[in-house]
Amino acid sequence: MTYSYVSHLYCPKCEETYSTKEKQQLCKCGSPLLVAYKMDELKSNFTKEDLLKRTPDLWRYHELLPVEDQENKVTLGEGMTPMLHMKNSGKEMDIPNLYMKDEGLIPSGSFKSRGAAVGVSKAKEVGVKELAMPTNGNAGAAWSLYCAQAEITSTIVMPLDAPEITRKECVAAGADLYLVNGLIGDAGKIVGQAVKDYNLFDASTLKEPYRIEGKKTMGLEIAEQFNWEVPDVILYPTGGGVGLIGIYKALRELQELGWIPEGKMPRLVAVQSEGCAPIVKAWEEGKTSAEPWENAETVAFGINVAKALGDFLILDAIRETDGCAIAVNDMKILDEVASVAKADGAFVCPEGAAAFAAAKELRVQNWIKDGEKVVVLNTGAGIKYPNTVEVDAPILQKDEKIVKQATTSK
Ligand SMILES: *Cc1c(COP(=O)(O)O)cnc(C)c1O
Ligand SMILES: [Zn+2]
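Calculation rules
- Residues numbered from 1 in each chain as written.
- Chains lettered and ligands numbered in written order.
- Predicted model: local features only at pLDDT ≥ 70, side-chain atom pairs only at ≥ 80, totals over all residues.
- Heavy atoms only, no water.
- UniProt positions renumbered as here; feature names shortened; annotations may be inferred.
- Helix = DSSP H or I, 4+ residues; strand = E, 2+ residues; numbered from the N terminus.
- Expected span 1.5 Å × (residues − 1).
- Buried < 20%, exposed > 50% of the residue type's maximum accessible area, 1.4 Å probe, protein only.
- Pairing = 2+ DSSP bridges.
- Near = heavy atom within 4 Å.
- Polar contact = N/O pair within 3.5 Å; in protein donor to acceptor, adjacent residues only side chain to side chain.
- Areas by Shrake-Rupley, 256 points an atom, 1.4 Å probe, with all protein chains shown as cover.
- Nonpolar A, V, L, I, M, F, W, Y, C, P; charged D, E, K, R; others polar.

In the annotation of an unreviewed UniProt entry, the protein is listed under the name Threonine synthase and assigned to Virgibacillus halodenitrificans. According to UniProt, the comment filed for the protein under the heading Cofactor (unreviewed entry) is "pyridoxal 5'-phosphate".

Draft legend 1. Layout of helix α9 (residues 242-257). In this model, α9 (16 residues) spans 22 Å end to end at C-alpha, consistent with the 22 Å of a helix rising 1.5 Å per residue. Of all the 16 residues making up α9, 14 are buried; the element is thus mostly covered by neighbouring parts of the structure. Backbone geometry just downstream of α9 places Gly258 in the positive-phi region, at approximately 80°.

Draft legend 2. Structural context of the pairing of strand β5 (residues 98-102). Across the five residues that make up β5, a large majority, five, are buried. Relative to β5, strand β4 (residues 83-85) is paired through three bridges, and the arrangement is antiparallel. Each residue of the ladder has a partner; that of Met83, found in β5, is Lys101. Relative to strand β13 (residues 374-378), β5 runs parallel, the two sharing five bridges. For Tyr99, the partnering residue across the bridge sits in β13 and is Val375.

Draft legend 3. Seen up close, the site of ligand 1. The environment of ligand 1 is made up of 17 residues, and the closest members are Lys112, Tyr236, Gly239, Gly241 and Thr379. Measuring from an oxygen atom of ligand 1, one finds a side-chain N or O atom of Tyr236 at 2.6 Å. Burial of ligand 1 by the protein amounts to 96% of the accessible area it has alone, namely 380 Å². At the level of elements, β10 (233-237) and α9 are the ones that each hand at least two residues to the shell around ligand 1. Taken together, the residues that form the shell around ligand 1 break down as six nonpolar, eight polar and three charged.

And the structure:
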């Protein structure tokens, strides 16, 4: 039985092709590379029913993933996260069919583990021994952990301001961690130099072709969880945009396989923060690529990316699906963390909260229509960001009693 139907790598800009048997980075034209599969063979050999007896993790889609020998699989059980009906939040937003795919339940507490699982497995398969990457925190944490299992050494550079827990995850996993007094772009430059100086594999976002394949599985799962009937709208907090590009790629592949109808694509929404919204600006100006954002700053750290290498792919995915790009401000993001927790008991990350706030806004604008089925990606666990909630709890002495304020009882 063929484990993977991977065929080759191709450049979406200049159409050059590359082998998946060797280490690959960017195309020689500078564009990210994408993975192609033998779709005709897959069509005759792979069915939806094959999935029924498989474990509930992302490797259930191994035919559509690039790892060829299952011995190289590096896994912590990632994937098949819950798809929750957000009844109370949905009611408040007048979106009764509001769903949340909760990526907070993944090992390392963010969906970055999907990209790491597949990216590190494939790196191992092609013989990578040492890699390096810049990160806003979660990716570095995830890649460090998966690299530990794969016996690959990792050099991670993250901004000093990145969520503190993520640096601890890196250290726990034995990564070589550096904190930079700057943004992820500055971390990227430092990594670029280290890659040259020490001949490391560059695992920066989209500079290796396989992270996107891991993130693609979010799209496959969304389709499977809705029994191959895709929702109307998918909102995704967008930084580097790998998740959005991946979900789009997944849906296209499922259409090619005939597992979902050709005629209906969910409208993909790239959600950003007003403090860093290069994709939204490019979208509003009708451009096909984005300008770097000056002085980027937001509480939603995972989407604080001033310049995305895959900007043209993000904008393309939005355009092709009749989607849109929208920015929300940090105050709304923090309010939304609290309202989703209060309404439905889900403590979401600020990036996920941004997507909820965007859904609310798009419903007000009637861009989301009455009764539409809407999926928000909560890309990480709220508990990774303890500072999003202010606690002002009374401190009691041992023998003190609770005195309830009249306003706290309902
Ligand atoms: C990285 C990250 C994002 C953005 O993901 P991209 O696929 O790079 O756009 C969103 N949310 C969280 C929690 C992240 O860590
Ligand atoms: Zn190219």
